[in-house]
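Chain by chain, the residues:
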Number of protein chains: 2
Amino acid sequence: MELRLAFIGFGNVARSFARILTTRAGELFEEYGLRCKTTAIATGTHACVTSRDEIDLRDAVSCVERGNPLTNLPGCESAGDSLAVLNQCGADVVFETTPLDIDSGEPAITHIRTSLQRGIHVITANKGPIAFAYSELKSLAERHNVQFRFEGTVMDGTPIFNLVELCLPGARVLAFSGVLNSTTNLILTGMEAGQSFEESLAEARRRGIAEANADYDVDGWDAAVKAVALANVLMNAEARPADVKRSGIHDISFKDIEAAAASGKVIRLVARADRSANGVSLVARPELVTRASLFGSLAGTSNALVIKTDLMGEIAVVENDPGVEQTAYALLSDLIVVHKSMHQR
Amino acid sequence: MELRLAFIGFGNVARSFARILTTRAGELFEEYGLRCKTTAIATGTHACVTSRDEIDLRDAVSCVERGNPLTNLPGCESAGDSLAVLNQCGADVVFETTPLDIDSGEPAITHIRTSLQRGIHVITANKGPIAFAYSELKSLAERHNVQFRFEGTVMDGTPIFNLVELCLPGARVLAFSGVLNSTTNLILTGMEAGQSFEESLAEARRRGIAEANADYDVDGWDAAVKAVALANVLMNAEARPADVKRSGIHDISFKDIEAAAASGKVIRLVARADRSANGVSLVARPELVTRASLFGSLAGTSNALVIKTDLMGEIAVVENDPGVEQTAYALLSDLIVVHKSMHQR
């Protein structure tokens, strides 16, 4: 069985994933019987195209990285916009990786809704839809008997959603806390080492991990949206980003970092969810944590999530110094799960 | 569909699991359609019994905890020994939780082999069989089209084997390092807090986490066997416990702990696996680690495993201060995976 793939968004993450797909094609077929064929790609600034035959992913990646429109590729037809692509692509699986919109989750929600309604499996690395429309999209996927997967939205390819769904069956998530934003952790640990805020932020940009608008990271929005995504999926919170008590790290000075160090502590941007009488309460803000603690031990872009459950006590998952390749891996792991589910049907 | 269960071994872990099964029976049926019926229990000192009808698990737990033989229970027939039980029980799933034998993995291997040959799914919390006979038992399970699951053998119910199998598809494990033995970690962190070796060991015994023979913990055998189990399953190492370069913590004194602390370090018993030209090299020994590191942050009975992969970089899983309930949960999570697999067939 050959899976037809469509890409909505073809930025760093999608292209890194495309590279894995091409370099690992042999292993994926041998190990999982998985064979893929890309039939459509929609980008913001390099055109939207479909192909009756197959788009060569290697060519597509180098075309975009040279700054050319995808319409240059042989056999590719221009297809208007992303929605036109979704309506024409005839894909089995759509990868939605457009940039995050913090206010509404659009246009990603519309892309995903349209795909699911057409009976197309959706894999996304965009946390907006999970923060703004999770329960709607989940029901839609169930109704159309397709998969809606989003492992890459929190902690990149580190298993979080799949971990709870597939590996913690029967256990209930009671609370969580996490250092979920790589850019702010790089800045805070950079400042601990004497680098300025701006130098560390520039490094995050160089490594391609800062949001397109880095204020999203620095002001705590990225952490807040991730907390909402986690709470919605793991705790049925039905929360929205505006529900999070949020503050960022913009005002944190060397003086604050030194004062913390004097008492064996460091500052981390921590997101927390707890069940309360009024549902799930959510915060994302800088906290003083002991240096010799899990959160204190997180260096550079590292992330960690502590999950408190009823039957399994407290476990944590840590991602050590990830880059874009780890988000790309999330798309692969979701693709393999989708492929397995299609086989089982 | 009602699953018939047999218990080989009915110690702390199995009884704690039996408690979950009885208290969560309603939820397990609602959420997974899972209904269980125990038909046989084999113990070392409280008799081996089968029942044509059903053994009430609540009654069985209190019978054993009062020190009585299970033959006291109504409707239970004496069944000789554990092998006789396996041959008569007619179970769908066997839970093997007999004590670890460090030299051979027996009699657990025989219990598991017999079960698999009879087409019975096996769930074990006993690491011996994974360290001594993994590839044989795995092939046997495949040949008889049944599941052989063992999440509880390393880090209790914290997903490790299921994590890699179900949540890291397509990625290869290149190396790992872990603090895997709770008893020694409790002793080392207890000594950091000024408690004596013996006091901390007594606490581990009280909490039911020390091996029946605590020398297995203290001499590093438990960590070594776990490293072998991980290497065999995650890296196809085909290793045996004797292959591990192993040393324990018996000789570590307050002086060593103080000397480490003077340079911001602590001592942890660390197991490591790395690929080398000659296969997989394995060590389990005390290491100096930075206090402000993941391993340094592990308090009490906590464990952690760092997994290095090709596509997903480095991730870690941490289990915070577990007790027997967490090993019991491993049996439940494996049972749900087995149940799902039966549905998919």
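Residues numbered from 1 in each chain as written. Chains lettered and ligands numbered in written order. Predicted model: local features only at pLDDT ≥ 70, side-chain atom pairs only at ≥ 80, totals over all residues.

### Considerations on the sheet that holds strand β7 (residues 148-149) of chain A
Residue and element names in this part refer to chain A. Strand order across the open sheet formed by 7 strands is β4-β3-β2-β1-β5-β6-β7, with mixed pairing between neighbours. Two strands in the sheet have a free side with no partner beyond their single neighbour: β4 (76-78) and β7. One ladder, built from 2 bridges, connects strand β6 (residues 121-124) with β7; its direction is parallel. Of the residues in β7, the one forming a bridge with isoleucine 123 is arginine 149. (Pairing = 2+ DSSP bridges. Helix = DSSP H or I, 4+ residues; strand = E, 2+ residues; numbered from the N terminus.)

### Some remarks on the domain arrangement of chain A
Residues and elements named next belong to chain A. Each assigned domain of chain A is listed with its residue range as follows: domain 1 (2-157 + 325-344) and domain 2 (169-321). On a C-alpha basis, the centres of domain 1 and domain 2 stand 28 Å from each other. Every contact between the two is made by 15 residues of domain 1 and, on the other side, 19 residues of domain 2. In terms of residues, the side of domain 1 that touches domain 2 owes the most to one element, helix α6 (residues 128-143), which gives 5 residues. Partitioned by chemical class, the residues of the side of domain 1 that touches domain 2 number 9 nonpolar, 4 polar and 2 charged. (Domains from an automatic or database assignment. Contact = placed C-beta atoms within 7 Å. Nonpolar A, V, L, I, M, F, W, Y, C, P; charged D, E, K, R; others polar.)

### Quick notes on the sheet that holds strand β11 (residues 279-290) of chain A
Pairing within the open sheet is mixed, and its 12 strands lie in the order β9(A)-β11(A)-β10(A)-β8(A)-β12(A)-β13(A)-β13(B)-β12(B)-β8(B)-β10(B)-β11(B)-β9(B). Because the sheet does not close on itself, it has two edges, and the strands there are β9 (245-246) of chain A together with β9 (245-246) of chain B. By the bridge criterion, 4 bridges tie strand β8 (residues 173-179) of chain A to strand β10 (residues 265-276) of chain A in an arrangement that is antiparallel. Counted as the bridge partner of Phe176(A) is Ala273(A) from β10(A). Contacts from helix α11 (residues 221-235) of chain A reach β8, β9, β10 and β11 of chain A within the one sheet, and its direction differs from that of β10(A) by about 35 degrees. (Axes fitted to C-alpha atoms, helices over the stretch in contact; angles between N-to-C directions.)

### Comments concerning the relation of the copies chain B and chain A
Expressed as a screw operation, the relation of chain B to chain A combines 0.0 Å of axial shift with a rotation of 180 degrees, fitting to an RMSD of 0.0 Å. Viewed as a symmetry operation, the transformation between the two copies matches a two-fold axis. Among all residues of chain B, the minimum C-alpha distance to the rotation axis is found for Ala292(B), at 2.0 Å. (Least-squares fit on C-alpha atoms with pLDDT ≥ 70 in both.)

### A closer look at the nonpolar core
Within the largest apolar cluster, 246 residues are counted, with the highest numbers of intra-cluster contacts made by Ala227(A), Ala231(A), Ala227(B) and Ala231(B). Once you skip the residues sitting within four places of it in the chain, Ala227(B) turns out to touch Val244(B), Ala271(B), Ala273(B), Leu282(B) and Ala284(B). (Core = buried A, V, L, I, M, F, W, Y, C linked by C-beta atoms within 7 Å. Buried ≥ 20, exposed ≤ 12 C-beta atoms within 10 Å, placed from the backbone.)

### Quick word on the interface of chain B and chain A
Listed as interface residues are 37 residues of chain B and, on the opposing side, 37 residues of chain A. Of all the secondary-structure elements, those providing two or more residues to the side of chain B that touches chain A are α7 (161-167), β13 (314-320) and α13 (324-344) of chain B. Sorting elements by how many residues they give to the side of chain B that touches chain A places β13(B) first, with 7 residues. Split by residue class, the side of chain B that touches chain A holds 21 nonpolar, 12 polar and 4 charged.

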